[in-house]
Every structure is written in structure tokens, then in C-alpha cells.
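# Examination of the molecular architecture
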Amino acid sequence: MATIIYTHTDEAPLLATYSFLPVIQAYAKAAGVDIETRDISLAGRILATFPERLTDDQRVGDALAELGELAKTPDANIIKLPNISASLPQLKAAIAELQGQGFDIPNYDESDEVTARYDKIKGSAVNPVLREGNSDRRAPSAVKNYARKHPHSMGAWSTDSKTRVATMSGGDFRNSEQSVVMPAADTLTIRFVGDEGERILKADLAVLEGEVIDASVMRAAELDAFIAAQIQAAKDSGVLFSAHLKATMMKVSDPIIFGRIVRAFFPALFAEYGDVLEAAGLSANNGLAAILAGAENLPERDGIIAAIERGYAEGPALAMVNSDKGITNLHVPSDVIVDASMPAMIRVGGKMWNRDGQTQDTIAVLPDSSYAGIYQVVIDDCKANGALDPATMGSVANVGLMAQKAEEYGSHDKTFQMDASGRVEIVNAAGEVLTSHEVAAGDIWRACQTKDAPIRDWVKLAVNRSRASGQPAVFWLDPARSHDAALIEKVNTYLGEHDTDGLEIRIMTPIEATKFSVDRIRRGEDTISVTGNVLRDYLTDLFPILEVGTSAKMLSVVPLMNGGGLFETGAGGSAPKHVEQLVSENHLRWDSLGEFLALAESFRHEATRGNARAGVLGDALDIATERILDEDKSPSRRVGEIDNRGSHLWIARYWAEALAEQQADAELASVFAPVAKAFAEQGDAIAQELIDAQGAAVDLGGYYRPDAAKAAAAMRPSAAFNAILASI
Ligand SMILES: NC(=O)C1=CN([C@@H]2O[C@H](COP(=O)(O)OP(=O)(O)OC[C@H]3O[C@@H](n4cnc5c(N)ncnc54)[C@H](OP(=O)(O)O)[C@@H]3O)[C@@H](O)[C@H]2O)C=CC1
Ligand SMILES: O=C(O)CCC(=O)C(=O)O
Ligand SMILES: [Mg+2]
């Protein structure tokens, strides 16, 4: 029997799964498709890492490794829901919760060996393993049409907005990049050469012919000077100070950069209590919240709190994550993640929240200048022309180079913070030095790899998308960067392998491409952005959030290079505040539209392998999804109105109706005719039942590892709905 793997993840998407998976399993069975789950949640990955500490019935397999292998085969058909990319505070919270549930797993810092094992789970540890293909993300026309008819609110932009992006003009990754294209397969070594001789940072780095290798460095002294200047500038101009990083995906470099911002903002704290904090294991890299929590047990507690208060009083106003709770932009490194945080700011008119819960202009600090400039272009455009209009604006889809840990998002195991000055070099097996950087203590040096086969596949995907959509495709590459210069050469070569007659294919710098694309969306025109891995991530939140209000409604397909399919759901994350709302008032506002879209693609992928009936299921699901939008059956944000569970009832109902009505497969129609009838008779009552179930607090028995029975009970409160599904 054909199998689709549906991933068991975390937080809101996991809760939604408890409600939606029974629907999918019931319907897929009719097409002979088995839907199996694999647990790649943060909790599941922790348990899989320490089998020797668990009892026989507690032990779980390494589902992520299994799926990583599957993704390299033509058999893969995987639906990947968003999962937590854990910052250290989140990882520690999950460990504590599991220990409380009776799992004898070690503390994070029990030993160096244990820490090293946990560090493999930290940050974005899932997506890079599964992404054995490049990405194709776009707003399906049903979603775009809905947004045009029902435009979401957009904040007004004023011409005198003081909001701007601050980024470095030197001493950063962008300005120090050196790249080489490997003439042949090789084995590289990364070494540090200092006063005391040579030290190997990484040995046995296998590379393939045609692979692009980059090395670059973020210089601590220049970073510190830049941050200090921006803190002063925010203070002088009376705007908020905010930092936007990707501490999850860039799990080695960005927590360090975040920590330097925390240190700069609270100079007295670190001047007076730096040693105390260090002795207590409290690092600025984990944010203010971790320092405050740790300080509770220290004799110096009051002094530490006073020093933090002084930082607030003497510095500029700080952007807030939650004004009511006093949570600032510097509390938790994973609270403000650049891909989602910058578009959210632009969408509301270039403002963030201040301490009093009011919106205010801000300096958005994005230290590395590789990609920061694109946001300034959008900001300048909004200042000059006003907010974009979702009712009329065009669309920017994305074809992203991400396969096989491409570019910066695969650099963690090749990122090092220097503890002395010297030189970092990449050396080939013959002993030739390929790249060389002078470094000083505190500097962050990193190497990136981009394999040739993914680049070739990415160019093909771009040409195919341009052909299928009739839209111009723009490669966002900057000849002034050595990495991009290497890619431009390859793009020009590989474009030659395709029929590009009649297609408009261009190569522009990210700044020019942003301007070009924004000008076009203002005119209602569509453009495909063809980008590297980081811009893939940034743009697939930026444009969707402006165009359709959220990236949750994106179709996100990853055609795997070996023929399988990976279907990501949406382009957004796991929205922790959604769980909070469910726990306090039993309302889940998570929108599963991304799951609906991914599932339809996944069924159609089965059809390409000979199961025509799965294709019928997929097409019927798309019809149902379109109706969900047209008839406004998406979750509301407010308790007492339709929520995630209610939207699952409607998708099940519309899907059954579409299956009963379709004529491609009479047998399938006859299976679903009675189901459609049951929903027609009982659907309204069930919808009411799902609303009446809301209001009171819910006990899930855990946050990172909810109790399965409790979660299922909470997410499937209607016996009548469950009975209809059981009847199929
Ligand atoms: N593919 C993946 O696995 C990804 C995982 N992540 C992880 O998710 C977590 C949160 O990251 P963050 O950057 O805040 O990004 P999110 O996308 O989770 O959050 C941004 C906001 O988008 C809205 N949102 C996103 N998805 C939905 C949905 N399906 N239904 C309704 N609203 C939605 C919510 O806003 P509101 O409710 O205000 O409308 C949410 O607060 C982190 O752990 C991060 O690492 C992030 C991105 C991708
Ligand atoms: O894997 C992650 O941490 C986030 C991924 C992400 O934001 C994306 O792919 O858009
Ligand atoms: Mg993203």
C-alpha cells in the first residue's frame, strides 16, 4: 500500500494534527493510501537521542534520521508541518518537562559529551535534514483571489516615518566573503594558525566537483562599534531599538551576535556583574529572560535587577515582544526571528510595540549586510508610495536554492568563534590554501557549502516555473559578492540546458530585484524571485505577509532531487501564542490551510506514481479548500467563534461533497455520497458543538510533549463528527 508520511511536530501544528489526521486517514484509506506519522517533535528528538537512559517502553526510534534517508529515495512522500527550532532556553524547558514526565534524560550541561549531543537537536535541526530538494513556494490563486476580495488590514505609512534598517558597512560576513569553485572532488581542512601554532577546526570536509565553498568573518570589534552606534542613534532620534536575527537557523553565529547586542544595551550589568553571571553560567547569548531567571538564585539578585533597570533608563526605548508582560526584543533570542519579524513590522506601517503597548517607529538592526538592504528598499517604497494594497497588488513567488544544506543555512558545523588572533584558512588535500582570513579574538568565522547538482536543479525549477506561470523570473544575485559571482556563472551555463525561448529571465542584485518586484506588485504584476537559501526564507514570509496577511497560506513544495516529494505546510512557524490561547480558553486559531494545500499536492504526487484515485482525492481537496476560503470557514482569532477544529469539520464536509460529485471515479463517489449526506444532516449541529466546547481552560498534560489522550480529547470533542469519520 502507498504510504504518505505525516510529521508529528510541535505546538499549534501538532494540536491541529490531533484533529485533522483522523480526517485524512479516513479519506486516504478510500484510495488505498496509508497515512503514517513520524515524530520529529523537539521532545521526540530529545528522547531519540538518549535511548540508553530510557526504559524499553519509553524508547523511541530516530524518526528524523529515518525520514532524512527516505528523502533521498524516489519513494518519499512526506508532509512536513512546521516544528520548533529550539533556542537554548526552549531546549532546556523541554528537557525539564520530559524529566518531570519521568524520562531520565540528562541535564543540558551534565557533561561536554551530553551538551554536544543536545547541540545537534538545537536550532533548525529538522528542515536541513529533510530538504533534499529545492523549494517552490507561492500563493495559490484561490488564496490570492480571496485576499483580493477580502483584503486584510495594513497599517498606514507616513512619508516622515523614522523607521529604517541599520546594517554594517564593513567588517561583516558580506564584506569579507571569499569563494572558490572546486575544480575536482577533494577533502578540505579548516585550520586556525595562531601564535602557538596550528589548530584544526574541522578536518575531513568532503566536497564535490563544482561545489562552491565560501568563507567569511564577522569582526567582533566592528560589530560592537556598529551596535553601540545604533543604540545611540535610536536614543538620539527618539525611536525604538530593535534587533532582527535568525538565532534558530543560524544557531551558532546569531546567538553570539544577539549576546553582543544584549551586552551593549546593558553596559552596567556586564561591567559590574559580568564575572558573577559568567560563574553562574548565565550568558547574554540566551537573552535577558534567562539572566533574570538565573539571577533569582544569586545573592547579587537585587544589584543585577537594578543594573538592568539602569540599562532601560539610560538606553533608547526597546521594542517589545509583549508589552503587558514586559518581554522585550532582547529577552529570548528566538522570540524575534527576522523572516517573520521584519514583514510584520512593515505590514503595520513600519512600527513595533513600545513599553506602553503603543506602536512607534524603530531602527531595525540587522548587522550583516548581505541581505538587510532589501528591507530598506521596501520601507523606502512604502514611505514614498504608502502601504501596499492587498486588493490590487501582484504576487512574488519564490524558487529557492536550499537542497543539501545550501549556503549559510548549512554553515553551523563550520562556524567558529575565535578565542585568539591569527588566521583561519581552508586548505585542500594537496595543502594549497583556498581561503584565508586574518581574525581576532571574538570574531565569528564561517564556511558555507553549495553543491553543484542543487544549483543545476534550482535553475531547472526556475525555468519550469517561469514556463508554467508565464511570469518573469529574476535571479537575485549580486556580482559584487564572490559567492554570487560564482553562482551567476553557473546560472548562465545551466540556463543554456533549457529552452528559454519567450521567457523573461533576468539576473539582478537583491536591491535592484526588490525594487523591480515591488514596482511590479504595485502595478498588480506577478514576478518569480529565484534566490539563495536565506532570501528564500526572508521573501517567503515578506511577500506573503504583505499580500495575503500570513505565510501560513502558502503552497510550499519541495520536489526532491531523487524523485520523491516533500510537501511543507505553509512557510511560517509554530506560533507559540496559539497554544497559550488554547490552554487558557480552548480556542485554537491555527489555520491549517497550509496543511490542506500540501496534502492535495501529496495526493497528486501519488497519482504520478500510478494511483489515479489519490489524484482524485487531491483535486477534490483543492475544491474544498477553495470553498473554505470563499465561504469564510477559516479559524477566527476569537474564542466563541469557529476555530481550527471547526475549519476541519468544514474541510471534511466540502471534501466529501466534492468527492461525491466528481465524475472521474464513480466508485469513490459512491463511498463519499453517504458521508456528504451525513455532514449535510449533522454538520451545522456539529459546528455549534465545536464552538460550545470552547471557553474553559484545557489541560494538555504537557507543552513540548502533550499527553496524547488529553490532546486528542481536547481536539476531537464531537462524538458525532468522530462517528461520521469512523463510518467511512
Ligand atoms: N518550517 C518550519 O518548521 C518553521 C518553523 N519555525 C519555528 O516556529 C516558531 C515560531 O517562529 P516565528 O518566527 O514566530 O514564526 P511564526 O510563523 O510561527 O509566527 C508569526 C505569526 O504568524 C502567524 N501564523 C503563522 N502560522 C499561522 C497559522 N498556520 N495560522 C494562523 N496564524 C499563523 C501568527 O500570527 P498571528 O496569530 O498574530 O496572526 C504568528 O504569531 C519558532 O520555533 C521557529 O523556529 C518558523 C518558521 C518555519
Ligand atoms: O527551520 C527553521 O528554523 C525555519 C525555517 C523557515 O523559516 C523557512 O523555511 O521559512
Ligand atoms: Mg521562514
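This report concerns the structure included in the present document. Keep in mind that what you see is a predicted model, and the values were worked out from it rather than measured. All residue numbers refer to position in the chain's written sequence, counted from 1. Working convention: letters from A go to chains and numbers from 1 go to ligands, in the order in which they are written. Local features in this predicted model are restricted to residues whose pLDDT is 70 or higher, and side-chain atom pairs enter the listing and the counts only when it is 80 or higher, whereas totals over whole chains, interfaces and linings include all residues. Excluded from the side-chain calculations are hydrogens and water; all other atoms, namely the structure's heavy atoms, are used.

## Comments concerning helix H16 (residues 452-469)
Our working rule: For helices the rule is a DSSP run of H or I covering at least 4 residues; for strands it is a run of E covering at least 2, with both sets numbered from the N terminus onward. What a helix should span is 1.5 Å times the count of its residues minus one. Relative accessible area decides the class of each residue, using a 1.4 Å probe on protein chains only: under 20% of the type maximum gives buried, over 50% gives exposed, and in between gives partly exposed.
The end-to-end C-alpha distance of H16, which contains 18 residues, comes to 26 Å, matching closely the 26 Å that a straight helix rising 1.5 Å per residue would cover. What H16 keeps buried is the set Asp452, Pro454, Ile455, Asp457, Trp458, Val459, Leu461, Ala462, Val463, Arg465 and Ser466. Following H16 by one or two positions, glycine 470 adopts a phi angle in the positive range, close to 70°.

## What about the packing of aromatic side chains?
Both the distance between ring centres and the angle between the ring planes are used here to describe each pair of aromatic rings. Formally: Only the six-membered ring of Trp is used, alongside the rings of Phe and Tyr, when aromatic pairs are assigned; centres must lie within 6.5 Å, and planes under 30 degrees apart are stacked while those over 60 apart are edge-to-face, with the rest tilted.
The final tally for this structure, using the stated rule, is 16 aromatic pairs. When the centroid spacing of 4.5 Å and the interplanar angle of 25° are considered together, the rings of tyrosine 27 and tryptophan 655 count as stacked. Separated by 628 residues along the polypeptide, tyrosine 27 in helix H1 (residues 11-29) and tryptophan 655 in helix H23 (residues 644-661) bring together distant segments of the chain. Just as tyrosine 27 is buried, tryptophan 655 falls in that class too.

## Considerations on the nonpolar core
Going by this rule: Throughout this description, the term nonpolar core refers to a set of buried Ala, Val, Leu, Ile, Met, Phe, Trp, Tyr and Cys residues connected via side-chain atoms within 4.5 Å. For this analysis, residues touch if any pair of their heavy atoms sits within 4.5 Å.
With 64 residues, the main nonpolar core has Tyr27, Phe603, Trp655, Leu659, Phe672 and Phe679 as its most contacted residues. For phenylalanine 679, the contacting residues outside a window of four places in its chain are Tyr27, Leu649, Ala652, Arg653, Ala656, Phe721 and Ile724. Core analysis: the next-biggest nonpolar cluster, separate from the first, contains 39 residues, Ala243, Leu269, Ile363 and Ile444 among them.

## Some thoughts on the packing of helix H12 (residues 288-295) against helix H13 (residues 301-314)
Stated formally: Fitting a line to C-alpha atoms yields each axis, with helices limited to the stretch in contact; the angle taken between N-to-C directions then spans 0 to 180 degrees. What sets the label is the angle itself: under 35 degrees gives roughly parallel, over 145 gives roughly antiparallel, 65 to 115 gives roughly perpendicular, and the rest give oblique. Residue classes follow a fixed rule: Ala, Val, Leu, Ile, Met, Phe, Trp, Tyr, Cys and Pro count as nonpolar, while Asp, Glu, Lys and Arg count as charged, and any other residue, Gly among them, counts as polar.
Where H12 contacts H13, the axes come no closer than 9 Å and their chain directions differ by 155°. Comparing the axis directions of H12 and H13 gives the class roughly antiparallel. Facing Leu288, Leu292 and Ala295 of H12, the residues of H13 in contact are Arg301, Ile304, Ile305, Ile308 and Tyr312. Partitioned by chemical class, the residues of the contact of H12 with H13 number seven nonpolar, no polar and one charged.

## Thoughts on the sheet that holds strand E19 (residues 444-450)
Definition in use: DSSP-based pairing: two strands are paired if at least 2 bridges between them are found.
Strand order in the open sheet made by the four strands is E6-E9-E19-E16, with antiparallel pairing throughout. Each of the sheet's edge strands pairs with one partner strand only, and the pair in question is strand E6 (178-181) and strand E16 (415-417). For this sheet, the mean angle separating the axes of adjacent strands, direction not counted, is 10°. In this structure, strand E9 (residues 212-218) lies alongside E19, joined through seven bridges in antiparallel fashion. In the sheet register, aspartate 214 faces E19, and the bridge partner there is cysteine 448.

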